[in-house]
Amino acid sequence: MRFRHPDGSTVHLAYCTNVHPAETLDGVLAQLRDHCEPVRQRLGRDRLGIGLWLARDAARALDTDPAALRGLRCELERRGLEVVTLNGFPYEGFGAEEVKYRVYKPDWADPERLEHTAALARVLTGLLPDDVTEGSISTLPLAWRTAYDDTRAETARTALRTLAERLDALEDLTGRSIRVALEPEPGCVVETTRDAIAPLTAVGHDRVGICVDTCHLATSFEDPDTALDDLARAGLPVVKSQLSAALHAAQPHLPEVREALAAFAEPRFLHQTRTVTAAGLRGTDDLDEALAGDALPDAGPWRSHFHVPLHAAPAAPLTSTLPVLTSVLARLVGGPHPLTRHLEVETYTWQALPPELRPRGRAQLADGIAAELTLARDLLTDLGLKELP
């Protein structure tokens, strides 16, 4: 979906296909047929943007076989779909029964992360629509915080510098500009936008910036205005933003609130949980850890890294951090010029919701994704953007 900003530029809205995990190119093609095109049809649009997730095997197939890449591009066009952004965070196995900490491997100290991201960039230049010259790729925020020392930090910085040089060369070759965005996430080396400033300043290249995930920002209790002001002062670009909402519990000390939260503690994904105390931010790596005894102070609200559907907040006594999303979006695209032109709805946890909230089959999932995109569209038009055909 495309929108015209009042300044005349185009803002792209997509939804991320990591909600339909597939490891192979055949699986990606099936996603387009079974999920993405039905979402477009529900929205009544001739064109729908998707934030494509390409696992290692699918990315390699497309990078090494020009015919396969042309075939995917033709299939996108045939189904009324377009790609300007990729989700390069998960490497493989995102559809496994247990993902948890595995999603952070390989990290940016591992050569395979550089090679995979460079392959994604080459693929993206071949998928961009003819009238679009700028693409984006979100990636993990360097590494999970453990086992990350000064040596690995320098290796990661060197890898990002190398990537930036390759992206420069890629633009010279193709005329397409690809930028990469570190996505701050709780528990990682870069948990907050402020954590990103020093390492990205050390990289020192505008090809590498930030992906503002509004669930992650809210989970870490970041103030949107402060976060974006810090990035602006540091001269770091917001390459893309993922529109998502976290799970919020206002009174976690109450038994009924803990019972409601326990329904969201599930075995597949990591749900980092945070609260703010007088001593600062406190947290656990997962929701079940927070619920176990006194692992996390409960005098103030808790927020958990669980991407809940944008249009359907959990039932009381829980809610979502959708107000944080709306505040961030107002700053990103509500001013005289957009701070980013790539927006991606990323609710990958539909099948991890409590059983009674999960979609029953493809049709209900498509309905839910279409409802999320409708909400995002309405937020954008309320900010003065005009939806384009």
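Counting restarts for each chain: residues are numbered from 1 in the order of the written sequence. With pLDDT at 70 or above as the cut-off, local features in this predicted model cover only qualifying residues; side-chain atom pairs require 80 or more to be listed or tallied, and sums for whole chains, interfaces and linings still use all residues. Water and hydrogen atoms play no part in the side-chain values, which are based on all heavy atoms of the structure.

## Some words on helix α12 (residues 362-382)
So the rule is basically this: Helix numbering and strand numbering both begin at the N terminus, where a helix is a DSSP run of H or I of at least 4 residues and a strand a DSSP run of E of at least 2. A helix is expected to span 1.5 Å multiplied by its residue count minus one.
Relative to the 30 Å expected for 21 residues at 1.5 Å per residue, α12 spans 30 Å between its end C-alpha atoms, a close match to the ideal helical length. The first or second residue beyond α12 is G384, which carries a positive phi of 100 degrees.

## So, helix α5 (residues 150-174)
For clarity, the cut-off: Every residue pair with non-hydrogen atoms within 4.5 Å of one another is taken to be in contact.
Between its terminal C-alpha atoms α5 stretches 36 Å, which fits the 36 Å expected from 25 residues at 1.5 Å a residue. The inward-facing, buried residues of α5 abut α4 (111-127), β6 (177-182), α6 (193-203) and β7 (208-213). Looking one or two residues beyond α5, the residue adopting positive phi is G175, at roughly 80 degrees.

## Quick look at empty space enclosed by the protein
The condition is simple: In this analysis, the protein atoms alone were mapped onto a 1 Å grid. Cavities are point sets where a 1.4 Å probe fits without being able to get out; pockets are open sets with protein on both sides within 12 Å along at least five of seven lines; lining residues have an atom within 4 Å of a point. Grid points are joined across faces, edges and corners, and a volume is the space filled by probe spheres set on the points. Charged residues are taken to be Asp, Glu, Lys and Arg, nonpolar residues to be Ala, Val, Leu, Ile, Met, Phe, Trp, Tyr, Cys and Pro, and polar residues to be all remaining types, Gly included.
All told, the structure shown has 3 cavities of 30 Å³ or more when counted by the stated rule. Counted as a void, the largest cavity has a volume near 160 Å³. Looking at the lining of the largest cavity residue by residue, the class counts come to 9 nonpolar, 6 polar and 4 charged.

## Observations concerning the sheet that holds strand β13 (residues 318-320)
For clarity, the cut-off: For two strands to be treated as a pair, DSSP must find at least two bridges joining them. For every element, the axis is a line fit to its C-alpha atoms; helices are fit only across the contacting stretch, and the angle between N-to-C directions ranges from 0 to 180 degrees.
If you walk across this open sheet you meet the 5 strands as β11-β10-β12-β9-β13, and the pairing is antiparallel. Strand pairing shows two members of the sheet lacking a second neighbour, β11 (280-284) and β13, which therefore form its edges. Sheet twist, expressed as the average angle between the axes of neighbouring strands with direction ignored, equals 30 degrees. Across 2 bridges, strand β10 (residues 273-277) lies against strand β12 (residues 302-308) in antiparallel orientation. Each bridged residue has a counterpart across the sheet, and for R274 the counterpart in β12 is R303.

## Thoughts on unusual backbone geometry
Residue K105 is joined to P106 through a cis peptide bond whose omega torsion reads -10 degrees. Tracing the chain through its elements places P106 in the loop between β4 (81-87) and α4. Geometrically, the link from A316 to P317 is a cis peptide bond, its omega value of 15 degrees lying close to zero. Its location among the elements puts P317 in the loop between β12 and β13.

## A short note on the pairing of β11
In this sheet, β11 lies alongside β10 in antiparallel orientation, the contact comprising 5 bridges. Its bridge partner being in β11, T273 is matched across the sheet by T284. In textbook terms, the turn of a hairpin is the stretch between consecutive antiparallel strands, and for β10 and β11 this stretch comprises 2 residues.

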